[in-house]
Amino acid sequence: MRAVDIIRKKRDGQENTREEIQFLIQRHLDSVVPDYQIAAWLMAAFIRGLSDNEMSALTRAMVESGKTVQLPSMTLVKVDKHSTGGVGDKTSLVVAPIVAAAGVVVPMISGRALGHTGGTLDKLEAIPGFRTDLSLEEFQAALREYGLALIGQTAELNPADRRLYALRDATATVESIPLIVASIISKKAVEGIDALVLDVKTGYGAFIQEQGASRQLALRLINAAQEFGIRAAAVLSDMSQPLGNAVGNSLEVAEAVRTLQGKGPEDLVELSLEIAGLMLVLGGAAESHDAGKELARRKMETGVALEKFADLLFSQGSVADIRRLLDELPRSRHVYEYGSPREGYLAECRADQIGWASVALGAGRDRKEAKINAAAGIELLKKRGAPVREGDALALLHYDEAGALERALGFLPAAFEFSETPPPPRPLVQEILGC
Ligand code: URA
């Protein structure tokens, strides 16, 4: 078998066999097939699409590229959540401690920033000393001790996704339903979980923007999870504007902590409770979604979830004290206030443009080797529907270098759209599937 023939077949619109896909993934990890051939195959798969058989073969090859978490002595139900990628989406940082505080185990393998969207791993790494690279042994021990652990793909757990994820980010091959499904479900299948809640984003800031297509993505994710014996539900949520007010790693950790202190922005609280509520139902801790949301709210309002977050920091090597964490997070050298160019109502506050502006400030990567600036990002002072006067501050840009600010400012005129009358309301949670 030769990689070039497998690529040519996909390029010409033919179906690759299970063996061919297995060969590509395995030989890439063995450093026999180079990055450029995988990148070419990814682009062919992006343009031609993958059949259900190909998508399932890719998912399985990625799962089999490493080991699987084994927790035979843990009888508690294990439930995770995963988002298809958003801007300002720090929900995992809020939801994981809430759910673990209610007695459901949360083993979470997350990703890094991808394109204009943020990544949970990059956010966690903004916390001084926090380790996302636990070994399989350490991951399992943290789950046994504290009931939650958040890590990335490692050399042991799904190394194939680690490599493909970084390549997709740098080759404009992210926005593909089968590649997203294989990437997400392969990460979740190695966690040894019983159930999964998927937060499928739709709207400007989502990788799959159109609502019908996002719904298709949700259904394919649910089916693919079920192939691995994982019970799954999905929330279809609006990502046309960023979630919460903070975009950028350190800023988002601070917002997540404030949310666990009961001082979070309304939209972030709403989505976190929806997702946590579903996880608690799937985890057997609540009878209904409403009861799950109520239990989640109590865990947040009583501070129990914040204590769980403190456990997470301790367990994963952070030296930060939860009471002082907000002061210890990295800060940028400069803050620029972006004023409204006109009067009216904010008709859109586009997540894609704000995401790219945040990447330009240093919160994301343009090459797979690029380093993230943990302190860089954007604080939104106004969101969709707000009335504004000319010159009102719409956002604060946190940056270290003038060049980064200049590049970021290039995205902002397209980020904010205005109208004479208030825009029609747009629900944050659009649909719940599979529960
Ligand atoms: N999240 C992932 O883990 N993978 C994708 O491809 C997109 C979002």
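Look above for the structure.
What counts and how
- Residues numbered from 1 in each chain as written.
- Predicted model: local features only at pLDDT ≥ 70, side-chain atom pairs only at ≥ 80, totals over all residues.
- Heavy atoms only, no water.
- Pairing = 2+ DSSP bridges.
- Helix = DSSP H or I, 4+ residues; strand = E, 2+ residues; numbered from the N terminus.
- Axes fitted to C-alpha atoms, helices over the stretch in contact; angles between N-to-C directions.
- Parallel < 35°, antiparallel > 145°, perpendicular 65-115°, else oblique.
- Left-handed = near helix turned anticlockwise from the far one by under 90°.
- Contact = heavy atoms within 4.5 Å.
- Nonpolar A, V, L, I, M, F, W, Y, C, P; charged D, E, K, R; others polar.
- Near = heavy atom within 4 Å.
- Polar contact = N/O pair within 3.5 Å; in protein donor to acceptor, adjacent residues only side chain to side chain.
- Areas by Shrake-Rupley, 256 points an atom, 1.4 Å probe, with all protein chains shown as cover.
- Salt bridge = Lys/Arg side-chain N within 4 Å of Asp/Glu carboxyl O.
- Buried < 20%, exposed > 50% of the residue type's maximum accessible area, 1.4 Å probe, protein only.

Trainee: Got a minute to help me understand the sheet that holds strand S11 (residues 393-399) in this structure?
Mentor: Backbone hydrogen bonds hold the strands of a sheet together, and the pairing may be parallel or antiparallel. Overall, antiparallel pairing links the four strands, which are arranged S6-S9-S11-S7 in an open sheet. In this open sheet, the two edge strands, each paired with only one partner strand, are strand S6 (246-247) and strand S7 (334-339).

Trainee: Honestly, the packing of helix H9 (residues 177-189) against helix H10 (residues 211-227) in this entry has me stumped. Any pointers?
Mentor: Pairs of packed helices are described in terms of their axes, by the angle between the two and the distance that separates them. As a packed pair, H9 and H10 sit with axes 10 Å apart at the nearest point and diverge in direction by 40 degrees. It follows that H9 is oblique to H10 by the angle criterion. Our pair here, H9 against H10, has a crossing hand that is right-handed. Seen from H9, the contacting residues are Ile177, Pro178, Ile180, Val181, Ile184 and Ile185; seen from H10, they are Ala213, Gln216, Leu217, Arg220, Leu221, Ala224 and Ala225. Per-class residue counts for the contact of H9 with H10 are eleven nonpolar, one polar and one charged.

Trainee: Which parts of the structure should I look at to understand the site of the ligand?
Mentor: All residues in the neighbourhood of the ligand are listed as His82, Ser83, Thr84, Leu114, Tyr165, Arg168, Ile180, Ser183, Ile184 and Lys187. Between the ligand and Ser183 there is a distance of 2.7 Å, counted from a nitrogen atom to a side-chain nitrogen or oxygen. Its free accessible area being 240 Å², the ligand has 97% of it covered by the protein chains. At the level of secondary structure, the elements contributing two or more residues to the shell around the ligand comprise strand S1 (79-83), helix H8 (159-170) and H9.

Trainee: Help me understand the pattern of salt bridges, please; the structure alone is not making it clear to me.
Mentor: Opposite charge on two side chains permits pairing when their charged atoms draw close. Counted according to the given criterion, the structure contains 35 salt bridges. Notably, a salt bridge pairs Lys90 with Glu255, separated by 2.6 Å at the nearest N-O pair. Placement of the pair is Lys90 in the loop between S1 and helix H5 (91-101) and Glu255 in helix H11 (residues 249-260), with a sequence separation of 165 residues. Put simply, Glu274 and Lys293 hold a salt bridge, and the shortest N to O gap is 3.1 Å. Here the residue Glu274 occupies a position in helix H12 (residues 266-282), and Lys293 occupies one in helix H13 (residues 289-301), the gap between them amounting to 19 residues. Residue Lys293 is classed as partly exposed on the basis of its relative accessible area, which comes to 23%.

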